[in-house]
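# Structural characterization, general
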Protein chains: 2
Amino acid sequence: MTSITAKKPAMRLNELTATEIVSAIADGKTTCEAVARACLDRIAAREPQVQAWQYLNSEQVIARARALDKSGRRGPLLGVPFGIKDIIDTCDMPTEYGSPIYKDHQPKNDAACVALGRKAGGILMGKTVTTEFANLTPGKTRNPFDPARTPGGSSSGSAAAVGDNMVPLAIGTQTTGSTIRPASFCGAFAYRPTYADLRCSGVREVAGSLDTLGLVTRSIEDIALYRDVLLGIEPQPLPAESGVPRIGFCRTHLWPILEPYTRQLLEDAVENLARAGAKVVDLTLPSEFESIEDAHRWISSFEFARNFTWEIDSHWEQIGERVREGRIKDGLSCSFERYIESRSFAEKCRAMFSDVFGDCDVLLAASAVGEAPIGLHSTGNVRPSAIWTTMHVPVVTLPVFKGPNGLPVGAQLVARRSDDRRLFAAARWVYGQLV
Amino acid sequence: MTSITAKKPAMRLNELTATEIVSAIADGKTTCEAVARACLDRIAAREPQVQAWQYLNSEQVIARARALDKSGRRGPLLGVPFGIKDIIDTCDMPTEYGSPIYKDHQPKNDAACVALGRKAGGILMGKTVTTEFANLTPGKTRNPFDPARTPGGSSSGSAAAVGDNMVPLAIGTQTTGSTIRPASFCGAFAYRPTYADLRCSGVREVAGSLDTLGLVTRSIEDIALYRDVLLGIEPQPLPAESGVPRIGFCRTHLWPILEPYTRQLLEDAVENLARAGAKVVDLTLPSEFESIEDAHRWISSFEFARNFTWEIDSHWEQIGERVREGRIKDGLSCSFERYIESRSFAEKCRAMFSDVFGDCDVLLAASAVGEAPIGLHSTGNVRPSAIWTTMHVPVVTLPVFKGPNGLPVGAQLVARRSDDRRLFAAARWVYGQLV
């Protein structure tokens, strides 16, 4: 620990990335316990304002950290504190799915993603706040940069905890924009993987045809590391050099709904990237893609309304009005024919999507319409992510912009399906140019 | 009840189909309680030999039946007893996933498919036996036609319970051939739906890229009815007339592994169907399709080994040797590259598959290599279903043959993706010709 603070006087243990923590512990420069305590201290100081945590048990965390220090074991996440969205089951912590129906509910086992993180030596710090059933009704979390503003959602606590340096890693989920948007609002990196790559066993299903995990971190290297851990494979560092990416600037038909400053920030970024040597081209999506949001709406609501049949039938009065009047009403009104048409339409667009890239490696787009809006009654506009989510492609958001109030605004990069590692390489280069 | 026994002297209430039960109750000819009692009586008489049930609580069943009788409510499954494979969560019955790790485990909520069945007025009778984690290690169930033989698996109890007239409907799951094979061995109808149509929320994930529910019934009409209930839509009866189907007889490269009598039964069936007016053509799959089993192996084992990380890490010694040495060893030895190659290969074949049908409505193939084999140490050869499962297409098995020992052998019909109702119409016609 001494040498770290010596090298980076302003850097505290809770501000390190996962990659830095792992090597500091491996080099004997700090301990699992010291890192865990630094994160717990940060949480203790900030939680009254941020309220990122649904469940936190410091003693459990310290006991696990000490056991790891004593064991002398190794692991790709050894000693790295992580948070888990409370829509994901944990064997030793309650899991409430953001709903009073599940107050104090204790699952029997860890979800696959939780167990994989622990197997790699990570320290589960606790459960981060989710909106109700990872849907619209906000939880208690506030934006770490301004408590009058939303942190975004539905992975509200995961984004706020990482953005506020409480933990270096957290898992969220995404069915529309539930990881990318809150990470953009909270100044974090985040990644939605290629659909179906990371196992969702033990994650409460919202709409299985769209759901994925979402990873929130403070660096691209950490995204690559955490992804490999959750794939259950030996982590492979990103190649040191990967060349200058070819970028398609993709305003989409949603360009008019972005805040004017977001449009300007993106336009300026494109100029900067081009000046730095990137080939950047304007890229227009086929006109069919304007209907993807509609398909997304019917797929997600049809599935949601079936998945929550038990809650609808047995606990109707404990479901929030926004979920009842929004997703459930939509889903119950949707015919099977409309659902299948929407699913087929999404598949047709997916089949076209690789060609849309032309010779680009990645697309550049907005992560959110702007800064986190004022108020805690809404988690913000979900629309900018719906197209990419429905396309089943990997995306990242990079915390590269500041809005007019000095609050974070992300830039989203989108890659072809299964091109996740090329996305990381491009993201690293883009991030390097823009900050 | 009197009028039913008057009309069909040999037919007892527990032998009725779901469709018959619903209309008998609606017409006031019997009651929910009488049907439930008839099923419970059958179970009491036969369970010592068949052992289809992991959990059964007669009092709970009778109480529910009486409540339904009193309520005067309606519903598309009103009063229909059904069984649920014990890999699927239930809020008021333990769910053990076929594993001692989950002894007496009580989930908080009903899986989507359980809640939808109950919402429709169905009576959950209990939990049917599954193999360990819906994988290879057999449970206690025996074949209802010969207790020295396997019922098949992994949906062993669901197939045995329906085949033995204990319940008219049961839900299983299928990742390879886990519903079709046991139904073939137990003389039942069964259906694997188009992938992703029926929600699996609350079903323990085995390999999410392949898993579906599987429905076991005693008629095609009941499959159509139960499917609509589980889609959460208003049931639509099958059209009265649907014409003579065009059938592709598809021996596949597995023809040599079928028992000679199974080959003969299929060849004879083809002749009979042609004589009855069906256009039947020999249909050869593209040679690539011989590699689908291999792709299936890597997809399913890679995902399985990640999904069960908690059990592998925390309860290794309580996992059966066949699961450890088979699926888990395979899955942990499989690289991510091989997994992704296998998934891409499966997708490529899926994209070709619709054209394989030519002008055929359905394919005819084997449901299993033959009769249920002797012995309870194995659930039989899984291979005949792997191709269709991996293609994500709907299939049914029809109990139309008897093998040399007088035991049931099924015929499998395969349709294009999302062509489930055309499949039912063809299956009804084929069944009508062959029995």
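Residues numbered from 1 in each chain as written. Chains lettered and ligands numbered in written order. Predicted model: local features only at pLDDT ≥ 70, side-chain atom pairs only at ≥ 80, totals over all residues.

Attention now goes to the sheet that holds strand β8 (residues 279-282) of chain B. Residue and element names in this part refer to chain B. In space, the 11 strands of this open sheet follow the order β1-β3-β2-β4-β6-β5-β10-β11-β9-β7-β8, with mixed pairing throughout. Two strands lie at the open edges of the sheet, namely β1 (53-56) and β8, each paired on one side alone. Pairwise comparison of adjacent strand axes, ignoring direction, gives a mean angle of 30° for this sheet. Two elements, strand β10 (residues 395-402) and strand β11 (residues 408-415), share six bridges in a ladder whose sense is antiparallel. Following the sheet pairing, Thr 397 is matched in β11 by Gln 412. (Pairing = 2+ DSSP bridges. Helix = DSSP H or I, 4+ residues; strand = E, 2+ residues; numbered from the N terminus. Axes fitted to C-alpha atoms, helices over the stretch in contact; angles between N-to-C directions.)

Residue and element names in this part refer to chain B. Structurally, Val 244 is set in the loop between α8 (220-231) and β7 (246-249). With 15 C-beta atoms counted inside 10 Å, the residue Val 244 sits in the partly exposed group. Spatially, the C-alpha atoms of Val 244 and Arg 322 are 45 Å apart, while their sequence positions differ by 78 residues. Not counting chain neighbours up to four residues away, the residues in contact with Val 244 comprise Gly 277, Ala 278 and Trp 429. (Buried ≥ 20, exposed ≤ 12 C-beta atoms within 10 Å, placed from the backbone. Contact = placed C-beta atoms within 7 Å.)

Glancing now at the sheet that holds strand β4 (residues 169-174) of chain A. Residue and element names in this part refer to chain A. Taken together, the 11 strands give an open sheet; going across it, the order is β1-β3-β2-β4-β6-β5-β10-β11-β9-β7-β8, and neighbouring strands pair in mixed fashion. The sheet is open, and its two edges are formed by β1 (53-56) and β8 (279-282), each paired on a single side. When strand polarity is set aside, the average angle formed by the axes of neighbouring strands in this sheet is 30°. Judged from the five bridges that link them, β4 and strand β6 (residues 212-217) form a sheet pairing that is antiparallel. Paired with Ile 171 across the bridge in β6 is Leu 215.

Before going further, it helps to spend a moment on the interface of chain A and chain B. The partner chain B presents 30 residues to the 30 residues of chain A that form the contact. Of all elements in the fold, only α5 (112-119), α10 (292-307), α11 (309-314) and α13 (336-356) of chain A reach the threshold of two or more residues within the side of chain A that touches chain B. For the side of chain A that touches chain B, the residue count by class is 13 nonpolar, nine polar and eight charged. (Nonpolar A, V, L, I, M, F, W, Y, C, P; charged D, E, K, R; others polar.)

Time to look at the packing of helix α9 (residues 260-275) of chain A against helix α15 (residues 420-434) of chain A. All names here are of chain A. α15 packs onto α9 with a crossing angle of 100° between their chain directions and a minimal axis gap of 10 Å. Classed by the angle they form, the pair α9 and α15 counts as roughly perpendicular. Of the residues in α15, those in contact with Ala 269, Asn 272 and Leu 273 of α9 are Val 430, Gln 433 and Leu 434. The class makeup of the residues in the contact of α9 with α15 is four nonpolar, two polar and no charged. (Parallel < 35°, antiparallel > 145°, perpendicular 65-115°, else oblique.)

As a further point, take the confidence of the model for chain A. Low pLDDT marks regions whose predicted coordinates should not be analysed in detail. Residue and element names in this part refer to chain A. Looking at chain A as a whole, the pLDDT averages 96, with 98% of positions reaching at least 70. A low-confidence stretch, residues 1-9 (pLDDT under 50), is modelled with nine contacts involving residues beyond four sequence positions or located in other chains. The ipTM value of the predicted complex is 0.96, and its pTM value is 0.97. (pLDDT = per-residue confidence, 0-100.)

All right, on to helix α3 (residues 32-50) of chain A then. Residues and elements named next belong to chain A. Within α3, the axis deviates most sharply at Ala 44, by approximately 40°, and proline Pro 48 lies no more than four positions further along. Within α3, burial applies to Cys 32, Glu 33, Val 35, Ala 36, Ala 38, Cys 39, Leu 40, Arg 42, Ile 43 and Val 50. Contacts made by the buried residues of α3 are with α2 (18-26), β1, α4 (58-71), β2 (81-85), β3 (123-128) and α6 (156-163). Following α3 by one or two positions, Gln 51 has its phi on the positive side, about 55°. (Bend = angle between axes of the 7 residues up to and from the residue.)

Attention now moves to the packing of α10 of chain A against α13 of chain A. Residue and element names in this part refer to chain A. Between α10 and α13, whose axes approach to 8 Å, the crossing angle comes to 130°. Put simply, α10 runs oblique to α13. Here α10 runs over α13; the crossing is left-handed. From α10, Ile 292, Ala 295, Trp 298, Ile 299 and Phe 302 reach across to α13, where they touch Arg 338, Tyr 339, Ser 342, Arg 343, Phe 345, Ala 346 and Cys 349. Grouping the amino acids of the contact of α10 with α13 by side-chain chemistry returns nine nonpolar, one polar and two charged. (Left-handed = near helix turned anticlockwise from the far one by under 90°.)

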